[in-house]
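# Observations on the model geometry
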Amino acid sequence: MEALPHSSRSSQPRYNFRWDTNYVIRKRHPVHGRRGGAVTQSYTVTVSVVPGELLTLPNVEGTGNSITLDALATTKTTLLKTLTASSQGGNLVNYTLVSNPSFSPEFFKIDSSTGQITANRDLKYLDSSTPTVYLTVKAHDTVDLIDVYKTQIVNLNNQNTVPRIVNLDPTVSDAQLESLAVGTVLFTLTIEDPDTTNTHSYRVSCTPPDGDNSFTIDANGNVILSQALDYESITFYTCDFYVDDSISEGGPFTYELTVQDANESPTFADNMYYASTSEASAGSVSFDPGFSCTDQDAGDSATLTYGFHPANNSQRFAINSAGVMTFKEDYDVDNSNMPSPVILTVYCIDDGGTTGVMKTGSSQVTVTISDTNDNTPTFASTAYTIGVSSSQTAGSQIGAVTATDADSGTNADLSCSGTSSSAYSAYYTVGADCKIYLSKTPDFASGTTVTYVTRAVDKGNPAKTGTTTVDIIYQDDTTTTTTTAATTTAYNFFDHGENIAMFVLTLLMGLALLGALLYCCLRMCCGGGGMGGMCSNMCDCRQQNRARRGRYPPRQVTPDSKVPATVPGPTAHSSAEDYRATTPAYTDYWTANAIWRLPAFRTIRSTSWRIHASATISSWILPLTLTSP
């Protein structure tokens, strides 16, 4: 039998702890076979040799040698314990240690030459999840090469508890539509920390990294969507949340978010578009502002339609599915009938996508509509007459015509001119300002008329022309010719005040004459004129059993010397009625006397020549009266 160290072989067994702690023993013995032959077999035995206490480390193991520490009060570099290894040969001893559990960086360290164990970090960061730490200490005799291993127990109390997000432990999975509004609170972190005096802070780390900007945490632990979700870009987020109590950080606590597709609003590339066109009739022109409206939802861009929000004359415009515009009604900017430019709010709308809820995007377009020369200049009258006298000097203005154009801008700027086939056309000029001038003093006969065809031409393209005629009549100083103009407006007699006054006066005079004529007829009838006895009976109040009016009592008129001698006195007859019936001259006189008593002759009756006036009136009224045959 022989004993060999693990690193060498020897024919003599030798056991020395300084060489090695393990030895291998081999033994050989013969074994006889069936045919009488011998076979040698070997057995190997490993022997561990215990040293004879050449190196000891007495103050490490055992309950009495354990260390108990106040975690919150123990700071970095605090001396915890000094190891005292003993070597029989007085040899130099070195120290190392290994922590279980291990930390990075480690909370404990040992001085390799002095054996002092100190805190490598503040132990407040060693939280309550690790109340005991085991330190395996190795003492090494540098001469005899002897190693001794001992375990140092470190017990901790008054430890900080790491905060925990309980509503994310275990991992929480969520799903939200991409249309979720920015600013929405997704959830609130619920913190578990027995150290109630601690103040907590939070952080989040997401995959993909874009999520770090998509979610924020406020001081109250609210997790807020800070950036719009986009299904077309990112469909899934994994976010790790951490909570820190200023001593320890707890985490990660995981939140998983699946982004779901939603129908999104289409968007325009620009906030304002521009288009220009000319006034035109409905549907006759088209103009394209170049709208660019897109939808992020797959397939929606192909189904977008356009329209205008109802405001600012939008009802006058139409737009097709391609965004090309036209007039919905006849558009005319002449004399500010319709505005230009016009700012419209345009929208594009999708078909609702997968949700069926249609979404709209908006922008604006400025449409400038220019005037078209679509109106012919017109004159205020179809014909003018202007008079000129020999007293007017050459170069003076003798009249003017008025021309207008319903267009706008330069299309309404007019220039006048005139031509005449008369031999005297050189004597007059129609200016561009539509005024008529005397070019030179006339030397032709009074009453001579020169006719001009006067034209007003606008500045449109192409230009348009309106015409009228102007008759210029020359007269000498003794004749006044008033400038007149034929008008296309119908004349109304009662549009003039002087005509109304004349009409009223004439009416009153007619009524007065009618009354006088009626009165004369009645008196003639009652006097025995052509109606005979019937009129006499009708006018005789006594036959109607009525008294005569007090204003005209019946009386006998006594003729004087101025009454014609042919008028006989009433004494030749038996009664006044017989006298009237048989004496035409007396009838005439009686009628004249009745007219004389009209109110119009009241003043004359009051004079001293009353009878004379009566006779005079009778002399001119007699030929007009009607007598019986």
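Only a predicted model underlies this, so the values are computations on that prediction, with no experimental measurement involved.

Rules used throughout
- Residues numbered from 1 in each chain as written.
- Predicted model: local features only at pLDDT ≥ 70, side-chain atom pairs only at ≥ 80, totals over all residues.
- Heavy atoms only, no water.
- Salt bridge = Lys/Arg side-chain N within 4 Å of Asp/Glu carboxyl O.
- Buried < 20%, exposed > 50% of the residue type's maximum accessible area, 1.4 Å probe, protein only.
- Helix = DSSP H or I, 4+ residues; strand = E, 2+ residues; numbered from the N terminus.
- Phe/Tyr/Trp six-rings, centres within 6.5 Å; stacked < 30°, edge-to-face > 60°.
- Lys NZ or Arg CZ within 6 Å of the ring centre and 35° of its normal.
- Pairing = 2+ DSSP bridges.
- Axes fitted to C-alpha atoms, helices over the stretch in contact; angles between N-to-C directions.
- Patch = residues over 30% accessible without salt bridge, like charges linked within 9 Å, V, L, I, M, F, W, Y side chains within 5 Å.
- Areas by Shrake-Rupley, 256 points an atom, 1.4 Å probe, with all protein chains shown as cover.
- Disulfide = S-S within 2.5 Å.
- Contact = heavy atoms within 4.5 Å.
- pLDDT = per-residue confidence, 0-100.
- Core = buried A, V, L, I, M, F, W, Y, C linked by side-chain atoms within 4.5 Å.
- Polar contact = N/O pair within 3.5 Å; in protein donor to acceptor, adjacent residues only side chain to side chain.

A few words on the pattern of salt bridges. This structure, assessed with the given rule, holds six salt bridges. Measuring nitrogen to oxygen at the nearest pair gives 3.0 Å for the salt bridge that ties Asp 169 to Arg 164. Classification of Asp 169 by relative accessible area gives partly exposed; the value is 38%. On the accessibility criterion, Arg 164 (27% relative accessible area) is partly exposed. Residue Arg 203 pairs with Glu 249 through a salt bridge whose shortest N-O separation is 2.8 Å. Separated by 46 residues along the polypeptide, Arg 203 in strand 17 (residues 201–207) and Glu 249 in strand 21 (residues 249–260) bring together distant segments of the chain. Put simply, Arg 164, Asp 169 and Glu 192 are held in one network by salt bridges that share partners.

This brings us to the packing of aromatic side chains. All told, the structure shown has 19 aromatic pairs when counted by the stated rule. Both rings, one in Phe 317 and one in Tyr 331, keep their centres 5.5 Å apart while their planes meet at 45 degrees; by these two values the pair is tilted. Residue Phe 317 is located in strand 27 (residues 317–319), and its partner Tyr 331 is located in the loop between strand 28 (325–327) and strand 29 (342–349); the two are separated by 14 residues in the primary sequence. Here the two residues Phe 317 and Tyr 331 agree in accessibility, since each one is buried. By the ring-pair criterion, three or more aromatic residues cluster together here, those being Phe 268, Tyr 273, Phe 291 and Tyr 306. Sitting above the plane of the Tyr 242 ring, Arg 203 keeps its charged end 3.8 Å from the centroid.

Within a sheet, each strand pairs with its neighbour through backbone hydrogen bonds, oriented either parallel or antiparallel. An order of 6-10-9 is seen for the three strands of this open sheet, with the pairing classed as antiparallel. This sheet does not close on itself; its edge strands, each paired only once, are strand 6 (79–82) and strand 9 (108–110). Across the sheet, the mean angle separating the axes of adjacent strands is 20 degrees when strand polarity is ignored. Where strand 9 meets strand 10 (residues 116–119), three bridges bridge the pair, whose relative direction is antiparallel. The residue bridging Phe 108 from the neighbouring strand is Ala 119, located in strand 10.

Moving on, we get to a nonpolar patch on the surface. Residues Phe 493, Phe 494, Ile 500, Met 502, Phe 503, Val 504, Leu 507, Leu 508, Leu 511 and Leu 514 make up a contiguous nonpolar surface patch of roughly 950 Å² in combined accessible area. Inspection of the secondary structure puts Phe 503 in helix 2 (residues 497–526). Classification of Phe 503 as partly exposed rests on a relative accessible area of 41%.

With that out of the way, let us pick up the sheet that holds strand 11 (residues 132–141). Read from one edge of the open sheet, four strands run 5-12-11-8, paired in mixed fashion. At either margin of the open sheet sits one strand with a lone partner, and together these are strand 5 (67–70) and strand 8 (93–100). Within this sheet the neighbouring strands show an average axis-to-axis angle of 25 degrees, counted without direction. Summarising the sheet, strand 8 and strand 11 pair through eight bridges and their orientation is antiparallel. Pairing of Val 93 across the sheet is with Asp 141, part of strand 11.

Moving on, we come to the state of the cysteines. Scanning the entire structure with this criterion turns up three disulfides. Here Cys 206 pairs with Cys 239 through a disulfide, and the sulfurs are 2.1 Å apart. Here Cys 206 and Cys 239 share a disulfide; its torsion about the S-S bond, 110 degrees, makes the bridge right-handed. Of the two residues, Cys 206 sits in strand 17 while Cys 239 sits in strand 20 (residues 236–244), which places them 33 residues apart along the sequence.

For the rest of this paragraph, the subject is the environment of Cys 293. Relative to the elements of secondary structure, Cys 293 occurs in strand 25 (residues 293–294). According to the relative accessible area criterion, Cys 293 is buried, its value standing at 9%. Along the chain, Cys 293 and Pro 266 lie 27 residues apart, while their C-alpha atoms are 6.4 Å from each other. Setting aside chain neighbours within four positions, we find Cys 293 in contact with Pro 266, Thr 267, Phe 268, Leu 304, Tyr 306 and Cys 348.

The subject of this paragraph is the pairing of strand 10. Of the strand pairs in this sheet, strand 6 and strand 10 are connected by three bridges, and their pairing is antiparallel. Residue pairing across strands places Leu 79 opposite Thr 118, the latter belonging to strand 10. If you look at the hairpin formed by strand 9 and strand 10, you'll find five residues sitting between the two strands, and Gly 115 has a positive phi there, around 75 degrees.

The next point concerns the confidence of the model for the protein chain. Of all residues in the protein chain, 71% attain a pLDDT of 70 or more, and the chain-wide mean is 80. Note on residues 529–536: pLDDT is under 50 here. Beyond four places in sequence and across chains, it has eight contacts. With pLDDT under 50 throughout, residues 556–583 is counted as low confidence; its partners more than four residues away or in other chains account for 28 contacts.

So, on to the environment of Gly 323. Within the secondary structure layout, Gly 323 lies in the loop between strand 27 and strand 28. In sequence terms Gly 323 and Tyr 347 are 24 residues apart; their C-alpha atoms lie 9.9 Å from each other. Those residues in contact with Gly 323, other than ones at most four positions away along the chain, are Asp 288, Pro 289, Phe 291 and Tyr 306.

Let us look at the nonpolar core. One recurring pattern in soluble globular proteins is that nonpolar side chains are buried together. Leu 57, Leu 69, Leu 83, Phe 108, Leu 123, Val 133 and Val 154 are the most contacted members of the largest nonpolar core, which has 28 residues in total. Elements with a contribution of two residues or more to this core: strand 5, strand 8, strand 9, strand 10, strand 11 and strand 12 (147–157). The element contributing the most residues to this core is strand 11, with four residues. When neighbours within four sequence positions are excluded, Val 154 is seen to be in contact with Ile 67, Leu 69, Phe 108, Pro 131, Thr 132, Val 133 and Leu 135. In terms of nonpolar packing, the next biggest core, distinct from the first, is built from 24 residues, Phe 268, Ala 275, Phe 287 and Val 342 among them.

Time to look at the environment of Asp 471. Structurally, Asp 471 is set in strand 39 (residues 465–475). When the C-alpha atoms of Asp 471 and Ile 386 are compared, they prove to be 6.1 Å apart, with 85 residues separating the residues in sequence. Residue contacts for Asp 471: discarding those within four places in its chain leaves Tyr 384, Thr 385, Ile 386, Thr 449, Val 450 and Thr 451.

A few words now on the side chain of Arg 316. Locating Arg 316 in the fold gives a position in the loop between strand 26 (305–308) and strand 27. A distance of 2.7 Å separates polar atoms of two side chains, one belonging to Arg 316 and the other to Asn 313. Look past the residues within four positions of Arg 316 in its chain and what remains in contact with it is Thr 326, Phe 327, Lys 328, Glu 329, Tyr 331 and Met 338.

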